[in-house]
Amino acid sequence: MMEDLKKTFLEEISAVNNLSDLSNLRVKYLGRKGIITDRLKSLSALPHEERPLQGKKINEIKEFIEADLDSKESRLKQEELKKQLLSDSVDVTLSGKFVPFGRQHPINKVLSEITDIFVKMGFSVEEGPEVELDYYNFEALNIPKDHPARDMQDTFYISDDIVLRTHTSPVQVRVMEKRKPPVRFIAPGKVYRCDADITHTPMFHQVEGFMVDKGITFSNLKGVLEAFLHQMFGADTPVRFRPSFFPFTEPSAEVDIGCILCGGAGCRVCKGSGWLEILGAGMVNPKVFEHVGYDPEEYSGFAFGMGVERIAMLKYSIDDIRMFYENDIRFLRQF
Ligand code: DAH
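Residues numbered from 1 in each chain as written. Predicted model: local features only at pLDDT ≥ 70, side-chain atom pairs only at ≥ 80, totals over all residues. Heavy atoms only, no water.

**Student:** Go over the overall build of the protein chain with me, naming the residues and quoting the values.
**Tutor:** Along its length, the protein chain carries eleven helices and ten strands. Taking 335 residues into account, the globule formula puts the C-alpha radius of gyration at 20 Å, and the protein chain, at 43 Å, lies well above it. Per-residue burial for the protein chain yields a buried fraction of 38% across its 335 residues. Long-range pairs, those at least 24 residues apart, make up 65% of the contacts in the protein chain with a sequence separation of at least 6. When the accessible surface of the protein chain is summed, it comes to about 19,400 Å², and 53% of that surface belongs to carbon and sulfur atoms. (Helix = DSSP H or I, 4+ residues; strand = E, 2+ residues; numbered from the N terminus. Rg over C-alpha atoms; globule rule 2.2 N^0.38 Å. Buried < 20%, exposed > 50% of the residue type's maximum accessible area, 1.4 Å probe, protein only. Contact = heavy atoms within 4.5 Å. Areas by Shrake-Rupley, 256 points an atom, 1.4 Å probe, with all protein chains shown as cover.)

Structure, rendered in structure tokens:
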């Protein structure tokens, strides 16, 4: 009878192949109302002298069943773990998914190059609004009402006294209003002019430079700009200053570098002159100081401004400014 029980159990356990069936089988044999428990209870119905032997046999089979259930349980757990590890595994031999790389826009690239050079020379970086008051864009920079730059054909007017800034020079005035000298900063940013052809877009970028302290002279301006241009275009690049006019500087200059395309021999880009115009600059006009309450007897300074697109076009030999803003991926991938 005990042998039958063992046989049935062995048949049943061999049919089990998962942990939940195994747990049901354990309950069926060893649970509170299980077969073995029943047998042990029924011992009390036996005559006294038979009980020890019967009891021993039932206990033996109970231990056998327990041990068998335990070993099957650990085997099933092993198998399940193995299955899970296999299904979670990564096939490192599969080919990867292509992740397209972004690149810095050539204008931003040149902008950060310019910024890095001036930051190393101790200039801070300032910003001003692109929608600007006429006062900061023109008036405070000594640009009179009848100046051609104020013409509707060049300037985007928002209202009578609000414009899209036509240059970064208004940042000079905004910074001086907030701070006492010494000041030394650059102001990179977007500017707007009503103009469009192969060298002009209605929006473009400028970097303004500005430095005011006691005893600043034109030679400081030359030193700073030469150091900048030599880092930007190469240490051997010739630099030349030409007299010019800007309402907010006096004296004013235009700064040229030797043509980086033909080496000064004369080509289409430098229009045969061997020189490329790169910057406007000059000593801050005392009239500008008066607008912000700096004493021109005590302080002097220089200012300069450059077009970023123009520098990028020269650096990368790009002959149409519109390339920068057409978002042609074949163009942008080259930088
Ligand atoms: N603001 C001038 C422009 O947009 C550029 C310029 C010239 C800026 C001379 C300066 C400067 O600070 O001194 O044409």
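**Student:** Describe the pattern of salt bridges, listing the residues and the values that go with them.
**Tutor:** Considering all chains together, one arrives at 18 salt bridges under this definition. The residue Glu73 makes a salt bridge to Arg26 at a minimum N-O spacing of 3.1 Å. Note that Glu73 is positioned in helix 4 (residues 51-88) and Arg26 in helix 2 (residues 19-30), a separation of 47 residues in sequence. A salt bridge links Lys315 to Glu113; its shortest N-O distance comes to 3.0 Å. Here Lys315, found in helix 10 (residues 308-316), pairs with Glu113, found in helix 5 (residues 106-120); they are 202 residues apart in sequence, far enough to count as distant. One connected set of salt bridges, linked through shared partners, spans Arg240, Arg242, Glu254, Asp256 and Glu277. (Salt bridge = Lys/Arg side-chain N within 4 Å of Asp/Glu carboxyl O.)

**Student:** How would you sum up helix 4? Please name residues and give values.
**Tutor:** An α-helical turn contains 3.6 residues, so any two residues separated by three or four positions project in the same direction. Between its first and last C-alpha, helix 4 extends 55 Å over 38 residues, near the 56 Å set by a 1.5 Å rise per residue. Those residues of helix 4 that fall on the buried side of the exposure criterion are Gly55, Ile58, Ile61, Ile65, Leu69, Lys72 and Leu76. Buried-residue contacts for helix 4 involve helix 1 (2-15), helix 2 and helix 3 (35-42). (Expected span 1.5 Å × (residues − 1).)

**Student:** Can you break down the pairing of strand 6 (residues 203-213) residue by residue, with the values?
**Tutor:** Counting buried positions over the eleven residues of strand 6 gives ten, a clear majority of the element. Two strands pair when backbone bridges link them, and strand 5 (residues 183-192) and strand 6 are joined in this way by ten bridges, in the antiparallel orientation. Considered in strand 6, the bridge of Ile186 is made with Gly209. Bridge analysis of strand 6 against strand 10 (residues 300-307) gives eight bridges, and the strand direction is antiparallel. In the sheet register, Glu208 faces strand 10, and the bridge partner there is Gly305. (Pairing = 2+ DSSP bridges.)

**Student:** Explain the environment of Pro47 residue by residue, including any values.
**Tutor:** If you trace the backbone, Pro47 turns up in the loop between helix 3 and helix 4. Taking the C-alpha atoms as reference, Pro47 lies 124 Å from Asp295; in sequence the two are 248 residues apart.

**Student:** Go over the nonpolar core with me, naming the residues and quoting the values.
**Tutor:** Counting residues in hydrophobic clusters, the biggest one holds 44 residues, and the most contacted among them are Ile114, Phe118, Leu229, Phe302, Phe304 and Met306. Here this core takes seven residues from helix 8 (residues 218-233), the largest share from any one element. Setting aside chain neighbours within four positions, we find Phe118 in contact with Phe123, Ile186, Val224, Phe228, Phe304 and Met306. With 23 residues, the next largest nonpolar core counts Leu141, Val173, Phe210 and Ala303 among its residues. (Core = buried A, V, L, I, M, F, W, Y, C linked by side-chain atoms within 4.5 Å.)

**Student:** Pulling in residues and values, what's your account of the site of the ligand?
**Tutor:** Around the ligand, a shell composed of 15 residues is seen, among which His167, Ser169, Arg193, Gln206 and Glu208 lie nearest. Contact between the ligand and Gln172: an oxygen atom at 3.3 Å from a side-chain N or O atom of the residue. Taking 350 Å² as the accessible area of the ligand by itself, protein coverage stands at 88%. Listing elements by their share of the shell around the ligand, those giving two or more residues are strand 6, strand 9 (275-284) and strand 10. Counted by class, the shell around the ligand contains five nonpolar, eight polar and two charged residues. (Near = heavy atom within 4 Å. Polar contact = N/O pair within 3.5 Å; in protein donor to acceptor, adjacent residues only side chain to side chain. Nonpolar A, V, L, I, M, F, W, Y, C, P; charged D, E, K, R; others polar.)

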